[in-house]
Amino acid sequence: MVKLSAVSAVQGGLLLAEISGVKAGTEISAEWADRATPIWRETPSDATLHALLGVDLDTAPGQKEWKLSWTGADGNAVVCSVPVIVRAGKFATERLQVEKQYVQPDPEQLKRVEEEQKKMQAVYDTITPEALWKGKFRVPLQNVTTGGNFGRRRVLNGEARSPHAGVDFPAAAGTSVFAAQAGKVVIAQNMYYPGNTVVIDHGFGIHTLYAHLSEIDVHAGDSVEVGTEIGKVGATGRVTGPHLHWGLTINHARVNALQIVQRQP
Ligand SMILES: [Zn+2]
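Reading the values: the criteria
- Residues numbered from 1 in each chain as written.
- Predicted model: local features only at pLDDT ≥ 70, side-chain atom pairs only at ≥ 80, totals over all residues.
- Heavy atoms only, no water.
- Helix = DSSP H or I, 4+ residues; strand = E, 2+ residues; numbered from the N terminus.
- Expected span 1.5 Å × (residues − 1).
- Buried < 20%, exposed > 50% of the residue type's maximum accessible area, 1.4 Å probe, protein only.
- Arc of directions from axis to C-beta.
- Contact = heavy atoms within 4.5 Å.
- Core = buried A, V, L, I, M, F, W, Y, C linked by side-chain atoms within 4.5 Å.
- Phe/Tyr/Trp six-rings, centres within 6.5 Å; stacked < 30°, edge-to-face > 60°.
- Lys NZ or Arg CZ within 6 Å of the ring centre and 35° of its normal.

**Q** Which residues make up helix 1 (residues 107-125), and what values do they have?
**A** The end-to-end C-alpha distance of helix 1 is 27 Å, a good match for the 27 Å that 19 residues give at a rise of 1.5 Å each. Residues of helix 1 that are buried include every one of Gln109, Val113, Glu116, Met120, Val123 and Tyr124, and no others. Down the axis of helix 1, the buried side of the element spans an arc of 90°, and every buried residue falls inside it. Summarising the geometry of helix 1, the exposed residues directed more than 90 degrees from the buried face are Pro107, Glu108, Lys111, Lys118 and Asp125. Taken together, the buried residues of helix 1 touch strand 15 (183-191), strand 16 (195-203), strand 17 (206-213) and strand 21 (243-250).

Listed below in structure tokens is the structure:
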């Protein structure tokens, strides 16, 4: 039996899935948005399996399918398709002025951007086959419960740009930024658009990103706990002022990070 936390999700939404009634040890494969869905058991003998389905911010609204397959007790292949309705998000359009080099980068800057995007893709392509998280995810700032701007369509210096894939928290430069959850630091470096950036791998295709930091206090390869200080709020990269940009990707899908605080995997 497959149970989803909801039958529909808005663009940038997150669904929790539970599969039960499958004999312990049965290998299940699943596919969502043309990618294999990581599925896990909390303990190896557990009969219930779990998965997270991220609905990328740019998914076209309509009915999608989560496809599952496994080998039944009689040795025959079982295939099942779970419908998921994707609803259009209500995302405002925002017009901003930024430094010219962040809208019209020169060839050298473009080359750098492409290299950084390749590195990001490689990070998101790497699915660590274990849960590195423990307990609840948290918001990465102290005494903050909500942030904004997720999904906003952006017009920068009069030119349309990709939608805003993270949550922005206004905060003073120098404010401490904490890991939203335990995991392994996979990126800790300066990048062109996101400035000083940290990406943490939490396992099973779950990654969080922290951008525009004034300083980075961790290194790639470090293991962090939930609440480890990873850097300070800043205004590096393409920004209009100091703030923390917090991103969450679930197996490449860019989703609203605040949802993982509300919906525990
Ligand atoms: Zn942002």
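Right, picking up where we left off after that structure.
**Q** Give a description of the nonpolar core that names residues and reports values.
**A** Within soluble globular proteins, side chains that are nonpolar generally end up buried alongside one another. Tyr210 and Ile230 are the most contacted members of the largest nonpolar core, which totals 35 residues. Elements with a contribution of two residues or more to this core: strand 13 (167-170), strand 16, strand 17, strand 21, strand 22 (253-255) and helix 2 (258-262). With four residues, strand 21 is the largest single contributor of residues to this core.

**Q** Break down the side chain of Glu116 for me, citing the residues and quoting the values.
**A** One can find Glu116 in helix 1. Judged by relative accessible area, Glu116 falls into the buried class, the value being 11%.

**Q** Report on the packing of aromatic side chains, specifying residues and quantitative values.
**A** Counted according to the given criterion, the structure contains eight aromatic pairs. Seen from their ring centres, Trp40 and Phe204 are 4.9 Å apart, and the 20° between their planes marks the pair as stacked. Taken together, the residues Trp40 in strand 6 (residues 40-41) and Phe204 in the loop between strand 16 and strand 17 connect sequence positions 164 residues apart. The class for Phe204 is buried, based on a relative accessible area of 14%. With a centroid separation of 5.1 Å and an interplanar angle of 70°, the aromatic rings of Tyr192 and Tyr193 are classed as edge-to-face. On the basis of relative accessible area, Tyr193 is assigned to the partly exposed category, the value being 22%. Through a chain of ring-to-ring contacts, three or more aromatic side chains come together here, namely Trp40, Trp133 and Phe204. A cation over a ring is seen here: Arg238 above Tyr193, with NZ or CZ 4.7 Å from the ring centre.

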